[in-house]
Structure formats: structure tokens, C-alpha cells
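Each chain, written out:
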Amino acid sequence: MIFIFGANDKTIEQQQCHNQEHCYHCNNTTKWILEKNATYASLFFISVFPIKTRYIHYCPICKNGNQLNEDEYNWKKNAR
């Protein structure tokens, strides 16, 4: 019997922040992107269950940013 195991990344949620922020890498001021990514275990190329979840906050122009924890992500997501 042959089993094909693997892992794949999926973007679960992606949205713009409500406030503009300055990027010190590209020196632009824009609305940054909040993104929730998950790595799923897969069996026969079908995603079965999530292994790891990452929360990222980045500049849409140069893609430079930082990783957040879940509380920071939810706070930025709900901040107005």
C-alpha cells in the first residue's frame, strides 16, 4: 500500500487595515495587508487538518512586514 503525505500552505483570510501605515523599507505610506495563513497536512493531495497558523502584517508594495500573534492580529483586524 502506498500513501502520499505532504503539507501545503493556504491563505485563509486577507484584508486591508483601516489605517495607513508608513513602511520604512520602501518609504511609502499605504494601508497594509493583514493575512492569515495555515499549513495543512495533506493525504493524497487533499488537505486534512491544519498543522500551523501564521498571522502576517505587511506592506502591499514591497511585501516587507512582520509576523503577529493571534491577539495582535485580532486587535488590528477589529481596530477602526
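Everything numeric in this text was worked out from a predicted model, so none of it was measured.

## Quick look at the overall build of the chain
Step number 1: Secondary structure assignment for the chain yields one helix and four strands.
Step number 2: Reading the chain from its N end, one meets helices and strands in the order β-β-β-β-α.
Step number 3: Here the C-alpha atoms of the chain give a radius of gyration of 16 Å, more than 25% beyond the 12 Å that 2.2 N^0.38 yields for 80 residues.
Step number 4: Taken over 80 residues, the chain has a buried fraction of 24%.
Step number 5: Sequence-distant contacts in the chain: of pairs separated by 6 or more residues, those separated by 24 or more amount to 48%.
Step number 6: Of the roughly 5,800 Å² of accessible surface on the chain, 51% is carried by carbon and sulfur atoms.

## Structural notes on the UniProt feature "domain: Zinc-ribbon" (unreviewed entry) in the chain
Step number 1: Cross-referencing UniProt, the feature "domain: Zinc-ribbon" (unreviewed entry) maps to residues 22-67 in the present numbering.
Step number 2: Annotated as residues 22-67, this span is 0% helix and 70% strand, and its ends, taken at the C-alpha atoms, are 17 Å apart.

## Quick look at the side chain of S42
Step number 1: Within the secondary structure, S42 is located in strand β2 (residues 29-43).
Step number 2: If near-sequence neighbours (up to four positions away) are discounted, S42 is found in contact with I4, F5, G6, A7, S47 and V48.

## A short note on unusual backbone geometry
Step number 1: In the Ramachandran plot, N27 falls in the positive-phi region, its phi being about 65 degrees despite a non-glycine side chain.
Step number 2: If you trace the backbone, N27 turns up in the loop between β1 (5-22) and β2.
Step number 3: Residue class for N27 comes out exposed when judged on its relative accessible area of 57%.
Step number 4: Positioned with a positive phi, K63 is a non-glycine residue whose angle comes to about 65 degrees.
Step number 5: Looking at the secondary structure, you find K63 in the loop between β3 (46-58) and β4 (65-68).
Step number 6: The exposed category is assigned to K63, whose relative accessible area is 57%.

## Some details on the sheet that holds β2
Step number 1: Taken in spatial order, the four strands make up an open sheet running β1-β2-β3-β4, and their pairing is antiparallel. The sheet is open, and its two borders are formed by β1 and β4, each paired with just one other strand. Ignoring which end each strand starts from, the neighbouring axes of this sheet average 30 degrees apart.
Step number 2: Bridge count between β3 and β4: four bridges; the pairing is antiparallel.

## Re the environment of K77
Step number 1: Turning to its location among the elements, K77 is positioned in helix α1 (residues 70-78).
Step number 2: Judged by its relative accessible area of 25%, K77 is partly exposed.
Step number 3: With 62 residues separating them in the primary sequence, K77 and Q15 have C-alpha atoms 8.3 Å apart.
Step number 4: Leave out the neighbours within four places in its chain, and K77 touches E13, Q15, H18 and L34.
Step number 5: There is a polar contact of 3.0 Å between the side chain of K77 and the side chain of E13.

Each value, and the rule that gives it
- Residues numbered from 1 in each chain as written.
- Predicted model: local features only at pLDDT ≥ 70, side-chain atom pairs only at ≥ 80, totals over all residues.
- Heavy atoms only, no water.
- Helix = DSSP H or I, 4+ residues; strand = E, 2+ residues; numbered from the N terminus.
- Rg over C-alpha atoms; globule rule 2.2 N^0.38 Å.
- Buried < 20%, exposed > 50% of the residue type's maximum accessible area, 1.4 Å probe, protein only.
- Contact = heavy atoms within 4.5 Å.
- Areas by Shrake-Rupley, 256 points an atom, 1.4 Å probe, with all protein chains shown as cover.
- UniProt positions renumbered as here; feature names shortened; annotations may be inferred.
- Pairing = 2+ DSSP bridges.
- Axes fitted to C-alpha atoms, helices over the stretch in contact; angles between N-to-C directions.
- Polar contact = N/O pair within 3.5 Å; in protein donor to acceptor, adjacent residues only side chain to side chain.

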